Amino acid sequence: MLHELLFALKGHSGGIFKATSDGIQVLPSVPFIQVSEVAILNDLCRIGTYYKSFIEFIQNHGYVSGLLSNEQTESQELHGLYLKFFCQGLDNVLQDYRDVLLELEQDIFRDPYLPVSHIACKLQQFHLLFPILASTIDHIKSHKAHGCYILDILYKNSVYGVPPVKAALNRILHICHRQLYKQLTSWMLYGITADPYNEFFIQEASERVRKAGETNSDVLDDEDDDLGILGVTGKQLQRVYTSSEDSNTTVDSGQYCVAADLLPSYIPFRVAKKILFVGESVQMCEKGKHKIRSAHRTGTIMNTREKEFADELQELASQREFNAIGFETVIDKIRGHAAEYLWVLAVKDADLNNELRIMKDFFLLGRGELYLTFIDQAQHLLRTPVASTTEHDVNRAFQQAARDVLFDNDVLIQRFHLTAKKRTPEPSGGSAGDVEIGWNALGLSYSVPWPLHIFFTPAILEKYNKVFKFLLAIRRTQLDLQNCWSQHTFSNKTAVSDIGSSTWQLRTHMAFLVDNLQYYLLVDVIESQYKILLDKINATKDFEVAKLAHEQFLSSLLAQSFVHVKAISSCLHGILEQCSLFCRLLQSSQSRDEFDMAQFEGIAENFQRHSNLLFRVLSGVRAHVHLAQLLLRLDFNKFYTNMGGQLGRSQTSSHNQDGRG
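Cut-off values and rules
Residues numbered from 1 in each chain as written. Predicted model: local features only at pLDDT ≥ 70, side-chain atom pairs only at ≥ 80, totals over all residues. Heavy atoms only, no water. Helix = DSSP H or I, 4+ residues; strand = E, 2+ residues; numbered from the N terminus. Buried < 20%, exposed > 50% of the residue type's maximum accessible area, 1.4 Å probe, protein only. Contact = heavy atoms within 4.5 Å. Areas by Shrake-Rupley, 256 points an atom, 1.4 Å probe, with all protein chains shown as cover. pLDDT = per-residue confidence, 0-100. Core = buried A, V, L, I, M, F, W, Y, C linked by side-chain atoms within 4.5 Å. Pairing = 2+ DSSP bridges. Phe/Tyr/Trp six-rings, centres within 6.5 Å; stacked < 30°, edge-to-face > 60°. Axes fitted to C-alpha atoms, helices over the stretch in contact; angles between N-to-C directions. Parallel < 35°, antiparallel > 145°, perpendicular 65-115°, else oblique. Left-handed = near helix turned anticlockwise from the far one by under 90°. Nonpolar A, V, L, I, M, F, W, Y, C, P; charged D, E, K, R; others polar. Arc of directions from axis to C-beta.

Colleague: Looking at this structure, I do not really get the overall build of the protein. What am I missing?
Modeller: In terms of regular secondary structure, the protein is built from 26 helices and seven strands. Residue burial in the protein is summarised as follows: out of 661 residues, 50% are buried. Long-range contacts, defined as pairs at least 24 residues apart, comprise 73% of the intrachain contacts of the protein with a sequence gap of at least 6. As presented, the protein carries roughly 31,300 Å² of accessible surface, and 52% of it is formed by carbon and sulfur atoms.

So, in C-alpha cells, the structure goes:
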C-alpha cells in the first residue's frame, strides 16, 4: 500500500488510489485500511492531485518551440516567454517535492512497516505550499496573465508570512526575473525591445492603442481594479502613457509608452518612466548618430559605460530576492548618464539657447518689426474667409515681410510655415451665415532640427501656437487702432475727423487697454519667464530637468496669458473683437453722414460690458500674482477705477453716475 501511496503522491492512480472528479482518493471499503486512516490518506492524496495539475500545466505551457505568429499567439490564452520561465521556476520548486518522495521511498525499503504518519510528517510543508501554488496558477489562468503581469501575481502571492511558501515563490520569481533583466539590458543599453510576444512593460504606443480598441467591450472586474488598470474599461485594457501631455514619459514623439497592465506593482511608475526615457534616448541617438558632429560623442549613449551598467544589471538579476532600492539606484545611475549626454547634445552641440531665442522671436513675436510688416501686407488676404489659395498667399507675404525688414537668414525663415485651416464648426455652434475670416484661422508651424525634436515635440509646438495666435490678435488689434488715429491726424480729408469726439474717446480707451495688455504679456510674462527658463537650463546638466523647465515655462505663459482661463480669455477676446469692429466701422465711413451711430453705440456698450467684467474678475481674484500684475498695468494711475471699472464712457458721465450713486 505504501508504494501505491507513493505513486498517488506522484499523481498516478492504481489499485487502491483512483482518480475521481474530486482528485485522487482512496477506494472505499478496502478491507486492510482502517476508517481512521482514510481521512489521512485522502489528505495526502490531495497533495498528489495538486502535483498532477502542476505537471500538466508545465507540459502544456512550459515549452516554446520557435516564434509563433500573431494569429497563433492571440488564439492561445496563455503564451509567452515569461510563462515559460514561470514553468521552469515551478518545476524547480517541485524538484524539492520529488526529492522528498525519493527519501520516503528509501525509508519504505528500509522499513516496510513504516507508519503513514511518518509520510504525512515529511510532506507537511507541501500542505501549505501547494494550495498557494495552485491559487497562483488559477490566478494566471483566470486573468489570462501575460508577460510582466505574471511577475506581479507572483510578487503579490509571495507576501505570505510562512517562510517555505515565501521562499518557494521567490525562487520562481527569481527565475522569471532573468527574462525581465534581459529585456531591461537590451532596452536601456541598446534601445532594442527584444519582445516577440509583447510582454515587456515598454510597448509601442500604436500597438497598445490598437489592443485597447479591440477589448473596449470587455467588463472590468474587481481584480483589475486591484491591479490599478485605469483608463479604457476592459479586463486586459491598457493605461497608455505617452508624451502628448506628459513629456517626461518619452523623448521621441511618443513612439513608445509604459503599459500599466504589464508593469509589476513593485516597480514604481516613476522608475518605469526613467526606463522608458533611457531606452528612447539610446534609440533616438542610434538612429541619428550620423548627425552627431562632436568627435568625443561617437557611438551610442552607453558606449563608454556599457559594460559597467550591464554588470550592475546582471548583479541585480543574480540576487535571490528583488532589491527595490538597489534596482532604482541602478536605474537612476543609467538615467543620469543618458540625461547628461542628451543635455550636452541638445544644449551645447545643438545650441538650445539659440533655438529658444528663435522660438521667442517667431512664436512669441520677439521680432516685432517682422510682424508689423506682415500684418500690413496680409490685411487684404486675411480679412476675408479662408480660400484654397490663402495659405500659399500668406506664406509669400510672410517671406516678403522678412525680406523687407532685412531678415538675412533664408534657411531659418524657410523652416517656418503659416497655416490657414478652417476649424470644423460645432453641430450646435453659430448660424450658417457665420464665416471664419483668415486671421482667426491663422497658425504657425515649425520644422524642428535634429535632435531638438525631442525637446520641441508636437504637443509643445501646439502650446506655442496657442500663445502665438493670441499675441498676434492683440498686435493686429493694436495696429488697427493706431492706423485709425493716424488717419484721423494726418489725413487731408475731413471725413474721418468730422466724426464726434465720443468716437475718439472710445478709441483712446480701447488703445489704452490693448497697449497695457500687450505690455503686460511681452514684459511681465514672456521676458520674465524667458529669463527664468534660461537660468534653469544653464544651471543643470540634466536633459529632463531642462525639458521640465521648458514645460513649466510654457505652462506659465498659457496661465499668465489666460489662454486656458475661460472667463478671462473669453472676456479679452470679446474686447479685441469689439476693437476690430470699431476699426472696420471707421474705415468704412467716409463722412459723418455715413457713420452708423447705432452700430457705434452697440460696439461702445459691448466694450463697456467686457471691460467692466474684466475689471471685476481681476479685482475679485487676489490669490494669483499675475492677475494682480495685469490689474496694476491697466489701473496704474487709478483711471480704470475712477471710470467705475468700465472703459468706453466719457468721464463726465462717469462722474455724474458716481454722484447719483
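Colleague: Sorry if this is basic, but what is going on with the confidence of the model for the protein here?
Modeller: Reading predicted coordinates in detail is not appropriate for stretches of low pLDDT. Residues at a pLDDT of 70 or more form 79% of the protein, whose mean pLDDT is 79. Within the model, pLDDT remains below 50 along residues 215–251, and this stretch shows 89 contacts once partners closer than five positions in the same chain are excluded. Note on residues 426–434: pLDDT is under 50 here. Beyond four places in sequence and across chains, it has zero contacts.

Colleague: Hey, could you run me through the side chain of Asp 361 in this one?
Modeller: Along the chain, Asp 361 turns up in helix H14 (residues 352–362). Excluding residues within four positions of it along the chain, Asp 361 makes contact with Gly 366, Arg 367 and Tyr 371.

Colleague: In this structure, what is going on with the nonpolar core? I would like to understand it.
Modeller: Taken as a class, soluble globular proteins show a tendency for nonpolar side chains to be buried jointly. Phe 86, Leu 123, Phe 201, Phe 362, Phe 374 and Phe 456 are the most contacted members of the largest nonpolar core, which totals 199 residues. The biggest single contributor to this core is helix H20 (residues 501–538), with 16 residues. If we ignore the near neighbours within four places in the chain, the residues touching Phe 362 are Leu 370, Tyr 371, Phe 398, Phe 407, Leu 412, Ile 413, Phe 416, Leu 444 and Phe 468.

Colleague: Please explain the pairing of strand E1 (residues 17–20) as it appears in this structure.
Modeller: Side-chain direction in a regular strand flips from residue to residue, so the side chains alternate between the two faces of the sheet. As defined by bridge partners, E1 adjoins strand E2 (residues 23–26) across four bridges and the pair is classed as antiparallel. Looking at E2, one finds that Ala 19 is bridged to Ile 24. From the end of E1 to the start of E2, which pair antiparallel, there are two residues.

Colleague: Is there a simple way to think about the environment of Phe 407 in this case?
Modeller: Among the secondary structure elements, Phe 407 is positioned in the loop between helix H16 (390–404) and helix H17 (410–414). For Phe 407, a relative accessible area of 10% translates into the label buried. Considering only alpha carbons, one finds Phe 407 and Arg 367, 40 residues apart in sequence, at a separation of 10.0 Å. Setting aside residues no more than four positions away along its own chain, Phe 407 makes contact with Phe 362, Arg 367, Ala 402, Leu 412 and Ile 413.

Colleague: Hey, could you run me through the packing of aromatic side chains in this one?
Modeller: For any pair of aromatic rings, geometry is given as the distance between the ring centres together with the angle between the planes. Summed over all chains, the structure comprises 30 aromatic pairs. Relative to Phe 398, the ring of Phe 374 has its centre 5.6 Å away and its plane inclined at 85°; by these criteria the two rings are edge-to-face. Here Phe 374, found in helix H15 (residues 368–382), pairs with Phe 398, found in helix H16; they are 24 residues apart in sequence, far enough to count as distant. Here Phe 398 falls in the buried class, since its relative accessible area comes to 1%. Each ring, one from Phe 456 and one from Tyr 464, has its centre 6.4 Å from the other, and the planes form 50°; the classification is tilted.

Colleague: Would you mind showing me how to read the packing of helix H23 (residues 597–620) against helix H24 (residues 625–634) here?
Modeller: When two helices pack together, their arrangement is captured by the angle between the axes and the distance separating the axes. At a minimum axis distance of 9 Å, the contact between H23 and H24 shows a crossing angle of 130°. In terms of orientation, H23 lies oblique with respect to H24. Crossing geometry of H23 relative to H24 is assigned as left-handed. In this structure, H23 uses Leu 614, Phe 615, Leu 618 and Ser 619 to contact H24, whose residues at the interface are Leu 627, Leu 630, Leu 631 and Leu 634. When the residues that make up the contact of H23 with H24 are grouped by side-chain class, the tally is seven nonpolar, one polar and no charged.

Colleague: Before we go on, may I ask you to explain unusual backbone geometry in this structure?
Modeller: Peptide bonds are, in most cases, trans, and in most cases residues other than glycine have a negative phi. The residue after Trp 450, namely Pro 451, is reached through a cis peptide bond having omega 5°. Of note, Pro 451 is situated in the loop between strand E7 (442–446) and helix H19 (458–490). Positive phi values are uncommon outside glycine, yet Lys 144 reaches one of about 50°. Topologically, Lys 144 is positioned in the loop between helix H6 (124–142) and helix H7 (148–157). A residue is classified by how much of its surface remains accessible, and Lys 144, at 38% relative accessible area, is partly exposed.

Colleague: I keep staring at H24 and nothing clicks. Help me out?
Modeller: Since one α-helical turn is 3.6 residues long, residues separated by three or four positions face the same way. Residues of H24 that are buried include every one of His 626, Leu 627, Leu 630, Leu 631 and Leu 634, and no others. All buried residues of H24 fall inside an arc of 145° around its axis, so they share one side. Of the exposed residues in H24, those oriented more than 90 degrees away from the buried face are Val 625 and Leu 632. On the buried face of H24, the contacting elements are H20, helix H21 (543–560), helix H22 (566–588), H23 and helix H25 (639–642).

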